[in-house]
Amino acid sequence: MSISSFLATKENLALVEKKSWKLSRPVIMEKGLGYYAEHPDEVTQIIENLRRIGLPDSDAAVREALEEIVAHYYEKLFALVKRYEAVWICKNRVTLAPGCLEPFEEAKRDGKAVFVAQSHFGATYLLGSVLMVNGYNMNMVGKFPDPVGAMLERSSKEITERYGIGAVNIINLARPDCDAPMEMLRALIQKQIISNVFDENNEFCRPVTFFGKQIFGGSGMDLILKNFRDDRVVLVTPFLRRTSDETFIYEVERHYFSSGDIIDSFYKSLENKVRNHPAQWYFIREFHESFIDKRTKK
């Protein structure tokens, strides 16, 4: 059992749905930290992953990393069952960093698509909602097996219809009939916003450098984007960073095809963010898998 499945129970979903963020978050945090207390082997793996790339591994640093991992899974539960409060938080508890929406406005003005290169950092389950409450429609690629997939699709549709915010089309890799590459190309050609992760290791990944180490990354996003240029697609990496237990800042970094390897550029952006805020990189719990070459051998 992983911490994700441990926390994603009917009981916990009902708790989060019934109670406010302020009341439900401490309960889930306590349960999640209790899970790690009962699974020291997983904590050991996290410590080893921190050491792999020279991130702080003191008792305090590890404790903070565990807290931020649990916070991520609380936000996942929250995004699945909340409607009004989710919209309210994205409108009132998220600070927009100066200029963070300019790439999206440029794309709208100049008739370009936006590729949102997302990573396993910060409050990712609220990232899309921040764009939505600011009036943007988007497509989001992800693997969401049911019941999570169905809940997320239903929740997103309901908040769009009820509160008049932007819409999201979820391209769910868990669906047997999902053709993600074609859906992504369609969105880019039609000058839409599309989001996908670049730091997940799969058979389409290639060697990249991260904190001076060779890992496998990119998730094949360079294969999707290879036929586009700056005059057609705006490239960004967004980060929704926690600034307290209930506040966030939305930060966006711009990237350009003309500057060279875009995957390297994405990873450099993530490396800088992790270096400054290591605890919010929740992928640390499975980072060891990034060293595995999963490419299909011929």
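Everything numeric in this text was worked out from a predicted model, so none of it was measured.

Cut-offs used in this document
- Residues numbered from 1 in each chain as written.
- Predicted model: local features only at pLDDT ≥ 70, side-chain atom pairs only at ≥ 80, totals over all residues.
- Heavy atoms only, no water.
- Axes fitted to C-alpha atoms, helices over the stretch in contact; angles between N-to-C directions.
- Helix = DSSP H or I, 4+ residues; strand = E, 2+ residues; numbered from the N terminus.
- Parallel < 35°, antiparallel > 145°, perpendicular 65-115°, else oblique.
- Contact = heavy atoms within 4.5 Å.
- Nonpolar A, V, L, I, M, F, W, Y, C, P; charged D, E, K, R; others polar.
- Core = buried A, V, L, I, M, F, W, Y, C linked by side-chain atoms within 4.5 Å.
- Buried < 20%, exposed > 50% of the residue type's maximum accessible area, 1.4 Å probe, protein only.
- Pairing = 2+ DSSP bridges.
- Salt bridge = Lys/Arg side-chain N within 4 Å of Asp/Glu carboxyl O.

Draft legend 1. Up close: the packing of helix H6 (residues 84-92) against helix H8 (residues 124-133). Between H6 and H8, the least distance of the axes is 9 Å, while the angle of their chain directions is 75 degrees. Judged by the inter-axis angle, H6 sits roughly perpendicular to H8. Along its contact with H6, which presents Val87, Cys90 and Lys91, the element H8 presents Leu126, Ser129, Val130 and Val133. Class assignment of the residues belonging to the contact of H6 with H8 gives a composition of five nonpolar, one polar and one charged.

Draft legend 2. Examining the nonpolar core more closely. Judged by nonpolar contacts, the single largest core of 102 residues is most densely connected at Phe104, Phe115, Phe210, Tyr250 and Trp281. Setting aside residues no more than four positions away along its own chain, Phe115 makes contact with Met184, Leu188, Ile194, Asn196, Met221, Leu225, Val233, Val234, Leu235, Val236 and Phe266.

Draft legend 3. A look at H6. Every buried residue of H6 is accounted for by Glu85, Ala86, Val87, Ile89 and Cys90. Check the buried side of H6 and you find it contacts helix H3 (21-38), helix H5 (59-81), strand E1 (94-96), H8, helix H9 (148-163) and strand E9 (248-255).

Draft legend 4. Region of the structure containing the sheet that holds strand E4 (residues 168-172). With mixed pairing, seven strands are arranged side by side in an open sheet as E1-E9-E8-E2-E5-E3-E4. Strand pairing shows two members of the sheet lacking a second neighbour, E1 and E4, which therefore form its edges. Across the sheet, the axes of successive neighbouring strands diverge by a mean angle of 25 degrees, strand direction being ignored. Pairing of strand E3 (residues 138-142) with strand E5 (residues 193-197), which is carried by two bridges, proceeds in the parallel orientation.

Draft legend 5. Region of the structure containing the pattern of salt bridges. Evaluated as defined, the whole model comprises 21 salt bridges. Of the charged contacts, one joins Arg186 and Glu183 as a salt bridge, the two residues approaching to 3.3 Å between their closest N and O atoms. Here Arg186 pairs with Glu183, and both are found in helix H10 (residues 180-189), just three residues apart, close to one helical turn. Under the relative-accessibility criterion, Arg186 is labelled partly exposed at 27%. The residue Arg285 makes a salt bridge to Glu286 at a minimum N-O spacing of 3.3 Å. Judged by relative accessible area, Glu286 falls into the partly exposed class, the value being 26%.

Draft legend 6. Seen up close, the pairing of E5. Taking burial as the measure, the five residues of E5 include five buried ones, the bulk of the element. Here E5 shows no split at all, with Ile193, Ser195 and Val197 on one side and Ile194 and Asn196 on the other all buried.

Draft legend 7. Layout of the pairing of strand E6 (residues 206-210). One ladder, built from five bridges, connects E6 with strand E7 (residues 213-217); its direction is antiparallel. Paired with Phe210 across the bridge in E7 is Lys213. Where E6 hands over to E7, the hairpin turn is made up of two residues, of which Phe211 adopts a positive phi near 55 degrees.

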